[in-house]
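# Examination of the molecular architecture
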Amino acid sequence: MNTTNKEAHSDIEELLPWHAAGTLSRRDAQRVEAALARDPELARRYALVREELGETILLNETLGAPSGRAMEKLFAKIDAEPARKQVLSLNFGVRVAGFFASLSPRTLAWSASAAALAILLQAGLIAGIVLKEQSVGGYETASAPSTDPGVGAFTLIRFAPQASSDDITKFLEANKLQVAAGPMSGGLYKVRVAVTGLPKAELARIVKKLQEDKVVGFIATTE
Amino acid sequence: MQTTSDEVLIARIAGGDRLAMQVLFARHHVRVYRFVLRLVRNEATAEDLISDVFLDVWRQAGKFEGRSAVSTWMLSIARFKALSALRRRPEQELDDKTAEQIEDHADNPEVALAKKDKAAVLRQALSKLSAEHREIVDLVYYHEKSVEEVAGIVGIPEATVKTRMFYARKKLSELLKEQGIDRGWP
C-alpha cells in the first residue's frame, strides 16, 4: 500500500463510527461502503465499531430517566418568568410548516375535497413566494425585521383555487402587497396593503379594486 | 402519524406556548438527561441541570436561527451547563476519580472475563473512558450526531472531532486489553 492509499485508508477508518451510526453524507457513505467491500481488514474493524455502537446505546439506555420532579421544577421556573409578549411575526415558513403539521391524518382525509387541497397547495406556493422574498432580502435576524408587520392597513384574502404561484406573485408585486399572516381558517391570509393606517373609505376603495383581480377569491377589510 | 417538527415547536415556544414546551420536553428530556449524567456522574445534579437547560430553551427560543438541529442546540446548552456545574463543584471530579479507582481494584482480568461476557466488559470499558472521550463516543454513537454537529457542540474543528473519536476508540481497545480482550486493533 503506498502513502496515498494509507492516508485514504486512515481517512476512511476515521469515518467508520459515523458510518455505523448512519450520520455520514451520501457521498462519504458511498466511499466507506466501497472501501469496506474491497478491504477485509477494514470490514473486520467496522465490526468492532458496530459492537461499540451497540454497547454504547445499551449503556446509555440503562442510565434511566429523570423523575417527574424535573418537569415540575422547569414549569415552576417558567411560571416565575416575566410574562412574555406574544410574538406574532414568527418566521412565515415555520408558521406554514406548523399549519401542515397540525393537520391530523383524519383531518387530511376529511379535507380531501378539491377546494381544501387547493388551499393546501396554495399555502405551499405562498410560503415559497414569501421565502423567496425573504431570501432576496438577504440575511435578517428575527429580532430586527425591516418593517413592523403589525403596523399598517390590512385585508383578509382567500386566493382563487386556480391561481398559480406566478399569478399570486405578480398580484402581490403589482399591488405592493405583503402577506403578514396565514393561512388561517378557511385558507385566509392577512395581507398588508399599506405600511400606514388608511381611512376606511380609502381602504374600501382598495379592497374593491383588488376584488376585481381574478387571483382573489374572497377579500375583506380587517384590523 | 404526523408529528410537529422541533423547529415548529421552538417557534411556538418563542411565542410563549407552554404546551409546545411540554411536547419538546417530553421528546428530548431523557436524552439530554443521559448526556448530562454521563458528564456530571450525579443523578441529582443531572436532574437539576435539565430543568436549567430547558429553561434556557424557553428563554432563548426566539433567538434560535435554525442553523443546527434543535437537539444539537440543546446538547450544546446542556454541555455548557454541565461543565459549569463541574467547575462549581470540583469534588464532583474527585468522586469521578474515586469511582474509577474503585472499579480498577475490582476483579482481575481473568475473574472479570469469567464473570461477564465480552459485551459487559466493553460497557465497563466505555464507562472508564475519560470525560472527554466518553462525551464524544456518546455524541456519535448514542446521540447520532454528525462530525459537523459534534464540532458545533464541543466547540472544536471537525478534523479534531475525527481524531478525538479515533483516540477514544484506541483507548477503549487498551482498556479491553487490560481486561484480557485483544481486539487486534489498533
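Preceding block: the structure.
Below is a summary of the structure that appears in this document. (Residues numbered from 1 in each chain as written. Chains lettered and ligands numbered in written order. Predicted model: local features only at pLDDT ≥ 70, side-chain atom pairs only at ≥ 80, totals over all residues.)

### Let's talk about the overall build of chain B
The number of helices and strands found in chain B is ten helices and zero strands. Across the 186 residues of chain B, 38% fall into the buried class. Pairs at least 24 apart in sequence give 63% of the contacts found in chain B among residues at least 6 apart. (Helix = DSSP H or I, 4+ residues; strand = E, 2+ residues; numbered from the N terminus. Buried ≥ 20, exposed ≤ 12 C-beta atoms within 10 Å, placed from the backbone. Contact = placed C-beta atoms within 7 Å.)

### Description of the overall build of chain A
Helices and strands together make up the secondary structure of chain A, namely nine helices and four strands. Order of helices (α) and strands (β) in chain A, N terminus to C terminus: α-α-α-α-α-α-α-β-α-β-β-α-β. Across the 223 residues of chain A, 23% fall into the buried class. Residue pairs in contact within chain A that sit at least 24 positions apart in sequence constitute 71% of those at least 6 positions apart.

### Brief notes about the interface of chain B and chain A
Facing the 47 residues of chain B at the interface are 40 residues of chain A. Residue assignment for the side of chain B that touches chain A shows that the elements contributing at least two residues are α1 (6–14), α2 (18–40), α3 (43–60), α7 (118–128), α8 (131–142) and α10 (158–178) of chain B. With eight residues, α2 of chain B is the largest single contributor of residues to the side of chain B that touches chain A. Here the residues of the side of chain B that touches chain A are counted per class, giving 25 nonpolar, ten polar and twelve charged. (Nonpolar A, V, L, I, M, F, W, Y, C, P; charged D, E, K, R; others polar.)

### Describing α1 of chain B
All names here are of chain B. In terms of residue burial, α1 counts as a mostly covered element, since eight of its nine residues are buried. Turning to α1, its buried residues are Asp6, Val8, Leu9, Ile10, Ala11, Arg12, Ile13 and Ala14. Gly16 sits one or two positions beyond α1 and adopts a positive phi of about 90 degrees.

### What about unusual backbone geometry?
Note the cis peptide between Trp185 of chain B and Pro186 of chain B, where omega equals 5 degrees. Positive phi is not limited to glycine here, since Lys176 of chain A has a value of about 55 degrees. Within the secondary structure, Lys176 of chain A is located in the loop between α8 (165–174) and β2 (178–184). A positive phi angle, near 55 degrees, is found at Arg41 of chain B, a position not held by glycine. Examined against the element boundaries, Arg41 of chain B turns out to sit in the loop between α2 and α3.

### Some remarks on the nonpolar core
Ile13, Val32, Val36, Ile50 and Val140 of chain B are the most contacted members of the largest nonpolar core, which totals 65 residues. When residues of this core are assigned to their parent elements, the largest contribution, eleven residues, is made by α2 of chain B. By size, the runner-up hydrophobic cluster in this structure holds 15 residues, among which are Ile157, Ala180, Ala181 and Val191 of chain A. (Core = buried A, V, L, I, M, F, W, Y, C linked by C-beta atoms within 7 Å.)

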